[in-house]
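Structural overview for review
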Amino acid sequence: MNRTLLMIAMFCSASTFAQSPVPVINNADIDGSGAQYQGNFAVNQAAGDLQQQANARAIAAGHNASATTEIRQRLRTIVDPNMDARSSIQGDSFSHGNGALGVNQSAGASNQQANALRISTSAQPQSIDDSVLMQQNVTLLYNSDPTDSAPGYRQVTTSDQAFTGSRGLIQLNQSAGVGNRMANTLSVRVVD
């Protein structure tokens, strides 16, 4: 009789361990933040794994001034794309602000986002060089779109009140998913 109970207990616990894993849910939410910002304002928000985000600003003034930025992002990773990912900017976030705003928001895995701003005033004319460019590289070791199952639910939302009434430069990268690459670059050179 004891052996029978032991065998039943073993089979019941084995079926408990064989259940599918809990689904991964990545949510990045901004709600009502950054309203009435002034000057240089940068936000990086990420939910998930292996996210790379950068906000770079360079301002130079002078006889031979040169403002440079360089952003290099590289990922080589194994990612399970079966996840739910959601990014949202709600309410009056970043509204009625003034200046240079850089927002990177991502949910998921292995996403790269960059915002770069370069401003220089000088007495000497300058040519645009390669430092204005960004380098991003994501190598997913497995295909991110499996044919045997759905990759999960992905959603990106922005409130109709977000960013309203703001003045200046607004750079926004917003993503949900796996292996997304996004960049915003502005370079201004003024000869005085």
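Quick caveat: nothing in here was measured; it's all calculated off a predicted structure.

Parameters at a glance
Residues numbered from 1 in each chain as written. Predicted model: local features only at pLDDT ≥ 70, side-chain atom pairs only at ≥ 80, totals over all residues. Heavy atoms only, no water. Helix = DSSP H or I, 4+ residues; strand = E, 2+ residues; numbered from the N terminus. Buried < 20%, exposed > 50% of the residue type's maximum accessible area, 1.4 Å probe, protein only. Contact = heavy atoms within 4.5 Å. Areas by Shrake-Rupley, 256 points an atom, 1.4 Å probe, with all protein chains shown as cover. Pairing = 2+ DSSP bridges. Axes fitted to C-alpha atoms, helices over the stretch in contact; angles between N-to-C directions. Salt bridge = Lys/Arg side-chain N within 4 Å of Asp/Glu carboxyl O. Phe/Tyr/Trp six-rings, centres within 6.5 Å; stacked < 30°, edge-to-face > 60°. pLDDT = per-residue confidence, 0-100.

Right, let's talk about the overall build of the protein chain for a bit. Helix and strand content of the protein chain: one helix and 11 strands. Across the protein chain, helices and strands are ordered from the amino to the carboxyl terminus as α-β-β-β-β-β-β-β-β-β-β-β. Looking at the protein chain residue by residue over its 192 residues, the buried ones come to 35%. In the protein chain, the proportion of contacts linking residues at least 24 apart, taken out of those at least 6 apart, comes to 80%. Total accessible area on the protein chain stands at roughly 11,200 Å², and carbon and sulfur atoms take up 52% of it.

All right, on to unusual backbone geometry then. In this model, phenylalanine 94 sits at a positive phi of 60°, which is unusual for a non-glycine residue. By the secondary structure assignment, phenylalanine 94 is in the loop between strand E5 (83-90) and strand E6 (98-109). A residue is classified by how much of its surface remains accessible, and phenylalanine 94, at 1% relative accessible area, is buried. Of note, the phi angle at phenylalanine 163 is positive, near 70°, even though the residue is not glycine. Mapped onto the fold, phenylalanine 163 is located in the loop between strand E9 (154-158) and strand E10 (167-178).

The next subject is the sheet that holds E6. Overall, parallel pairing links the three strands, which are arranged E2-E6-E10 in an open sheet. Only two strands of the sheet have a single partner each, and these edge strands are strand E2 (38-49) and E10. Neighbouring strand axes in the sheet, compared pairwise and without regard to direction, differ in orientation by 0° on average. Sheet topology places E2 next to E6; 12 bridges connect them, and they run parallel. By the bridge assignment, asparagine 44 is partnered in E6 with asparagine 104.

In this section: the pattern of salt bridges. On inspection of all chains with the given rule, the structure shows one salt bridge. The salt bridge partner of arginine 86 is aspartate 29, with a shortest N-O separation of 3.0 Å. Of this pair, arginine 86 sits in strand E5 while aspartate 29 is found in strand E1 (residues 24-31), placing the two residues 57 residues apart along the sequence. On the basis of relative accessible area, arginine 86 is assigned to the partly exposed category, the value being 26%.

On to the packing of aromatic side chains. Enumeration over the complete set of coordinates arrives at three aromatic pairs. Measuring from ring centre to ring centre gives 5.5 Å for phenylalanine 94 and phenylalanine 163, while their planes differ by 20°; the resulting arrangement is stacked. A residue pair is termed long-range when its members are at least 10 positions apart, and phenylalanine 94 in the loop between E5 and E6 and phenylalanine 163 in the loop between E9 and E10 qualify at 69 residues. The pair phenylalanine 94 / phenylalanine 163 is uniform in exposure class, with both members buried. Counting every residue linked through ring pairs, the aromatic cluster contains Tyr37, Phe41, Phe94 and Phe163.

Okay, the confidence of the model for the protein chain next. On average, residues of the protein chain score 78 in pLDDT, and 73% of them are at 70 or above. Looking over the protein chain, one finds the lowest element-wise mean pLDDT in helix H1 (residues 2-17), namely 51, and the highest in E6, namely 92. Between residues 13-20, whose pLDDT stays under 50, and residues either more than four places distant or in other chains, the model counts zero contacts.

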